[in-house]
Amino acid sequence: MKTFKELVSERCSVRSFVNKTIETSKLDYILECGRLAPSAVNFQPWKLYVISPESAIETRKNVQKCYDREWFSSAPYYIIGTIIHDQSWHRKNDGKDHGDIDIAILTEHICLAAAEQGIGTCWVCNFDAKLCHELFNLPENEEAAVLIPMGYPSAEFAPAEKKRKPIDEIVINL
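Below is a short write-up of the structure. Along every chain, residues carry numbers that run from 1 in the direction the sequence is written. In keeping with the model being predicted, local features are shown solely for residues with a pLDDT of at least 70 and side-chain atom pairs are shown and tallied solely at 80 or more, while totals for entire chains, interfaces and linings include all residues. Only hydrogens and water are removed before side-chain values are computed, so all heavy atoms of the structure are retained for them.

### So, the packing of aromatic side chains
For clarity, the cut-off: Centres within 6.5 Å are what make two rings of Phe, Tyr or Trp a pair, Trp counting through its six-membered ring; a difference in plane orientation under 30 degrees is then read as stacked, over 60 as edge-to-face, and the rest as tilted. Only protein chains enter the accessibility calculation, which uses a 1.4 Å probe; a residue whose area is less than 20% of its type maximum is buried, one above 50% is exposed, and one in between is partly exposed. Look at NZ for Lys and CZ for Arg. If either is within 6 Å of the ring centre and within 35 degrees of the ring normal, a charge sits over the ring.
Under the criterion given, the structure shown has 4 aromatic pairs. Between Tyr67 and Trp71 the ring centres are 6.0 Å apart and the planes differ by 70 degrees, which places this aromatic pair in the edge-to-face class. The same class applies to Tyr67 as to Trp71, namely buried. Ring centres 5.2 Å apart and planes at 80 degrees place the aromatic pair Tyr67 and Phe72 in the edge-to-face group. For the residue pair Tyr67 and Phe72, the accessibility class agrees, reading buried in each case. An aromatic cluster of at least three residues, connected via ring pairs, comprises Tyr67, Trp71, Phe72 and Tyr78. One Lys or Arg, Arg15, reaches over the ring of Trp71 and ends 5.6 Å from the middle of that ring. A cation sits over an aromatic face here: Lys20 above Tyr152, 4.2 Å from the ring centre.

Below you can see the structure in the form of structure tokens.
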């Protein structure tokens with residue numbers, strides 16, 4: 001069994017997938033790990049819309065319109081992660097909405113659980129959120145915050161070397 005550090009060291013953004021079905025037990029496990037993510041005041045202000053190979057062709061084409069990249073279209077699965085802003089916790093003294101933080105935690109839980117299961121993912125935040133909202137007829141109070149393409153990485157996929165700042169550049173002892 002891998003340590004947590006080994007898992008986070010190996011997890012990377014996958015941008016090349018094979019057309020292979022993810023086993024139901026693995027997909028259920030990944031989604032359950034997301035469900036268990038913590039959120040501010042445990043409000044859980046999110047929804048996950050799963051698009052699979054069995055989804056309607058129009059549904060698959062619609063998500064691909066939201067992020068028009070060739071590699072993105074190769075993913076057999078997609079998750080649209082939304083924030084329900086009127087359900088998220090807002091800090092009292094300045095009204096800061098913690099929905100973005102909550103969906104980020106949930107997304108990373110999904111990505112790490114997928115990596116553990118040998119499934120590749122990639123966070124996609126640079127997509128047309130307004131178009132996504134329209135195409136999927138999302139409720140007014142929901143914001144499409146992240147797209148997660150998901151599937152088995154193709155054989156030619158080679159993860160890039162992780163470049164991270166040294167610990168002494170990011171940790172300040174007070």
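Resuming the write-up.
### Here we look at helix α5 (residues 99-116)
Let me state the cut-off plainly: Helix numbering and strand numbering both begin at the N terminus, where a helix is a DSSP run of H or I of at least 4 residues and a strand a DSSP run of E of at least 2. To estimate how far a helix should reach, multiply one less than its number of residues by 1.5 Å. In this description, contact between two residues means that some pair of their heavy atoms is separated by no more than 4.5 Å.
Taking 1.5 Å per residue, 18 residues should reach 26 Å; α5 reaches 26 Å between its end C-alpha atoms and fits that length. Looking at the buried positions of α5, the neighbouring elements they touch are α1 (4-10), α2 (24-35), β1 (46-51), β2 (77-84), β3 (120-121) and β4 (142-151). Phi for Gly118, located one or two positions after α5, is positive at around 85 degrees.

### Quick word on a nonpolar patch on the surface
Selection rule: To count toward a patch, a residue needs a relative accessible area above 30% and no salt bridge. Like charges then connect within 9 Å, nonpolar side chains (Val, Leu, Ile, Met, Phe, Trp, Tyr) within 5 Å. Only the protein chains shown count as covering a residue, and every accessible area follows the Shrake-Rupley method with a 1.4 Å probe. Each reported salt bridge corresponds to a side-chain nitrogen of Lys or Arg within 4 Å of a carboxyl oxygen of Asp or Glu.
Together, Ile167, Ile170 and Val171 make up an exposed nonpolar region whose accessible area comes to about 300 Å². Secondary-structure assignment places Val171 in the segment after α7 (167-170). You can call Val171 partly exposed: its relative accessible area is 41%.

### Observations concerning the state of the cysteines
To be explicit about the condition: We call a pair of cysteine sulfur atoms a disulfide when they lie within 2.5 Å.
Going through the model one piece at a time under the given rule, you end up with 0 disulfides. Unpaired in this structure, Cys122 has its nearest cysteine sulfur neighbour in Cys111, at a distance of 8.0 Å. For Cys122, a relative accessible area of 1% translates into the label buried. For the unlinked cysteine Cys125, the closest cysteine sulfur is that of Cys122, found at 9.2 Å.

### Observations concerning the sheet that holds β1
So the rule is basically this: Note: two strands are recorded as paired if DSSP finds a minimum of 2 bridges between them. Convention adopted: a line fitted to C-alpha atoms gives each axis, helices being fitted over their contacting stretch, and angles between N-to-C directions are expressed from 0 to 180 degrees.
Spatially, 4 strands are ordered β1-β2-β4-β3 in an open sheet, and the strand pairing comes out antiparallel. Edge positions in the open sheet fall to β1 and β3, since each of these has one partner strand only. Looking at chain direction, β2 and β4 are connected through 8 bridges and run antiparallel. The residue of β4 that forms the bridge with Gly81 is Val146. With respect to the sheet, α2 is in contact with β1, β2 and β4, its orientation differing from that of β1 by roughly 165 degrees. Across the sheet, helix α3 (residues 57-66) lies against β1, β2 and β4, angled at about 65 degrees from β2, the strand it touches most.

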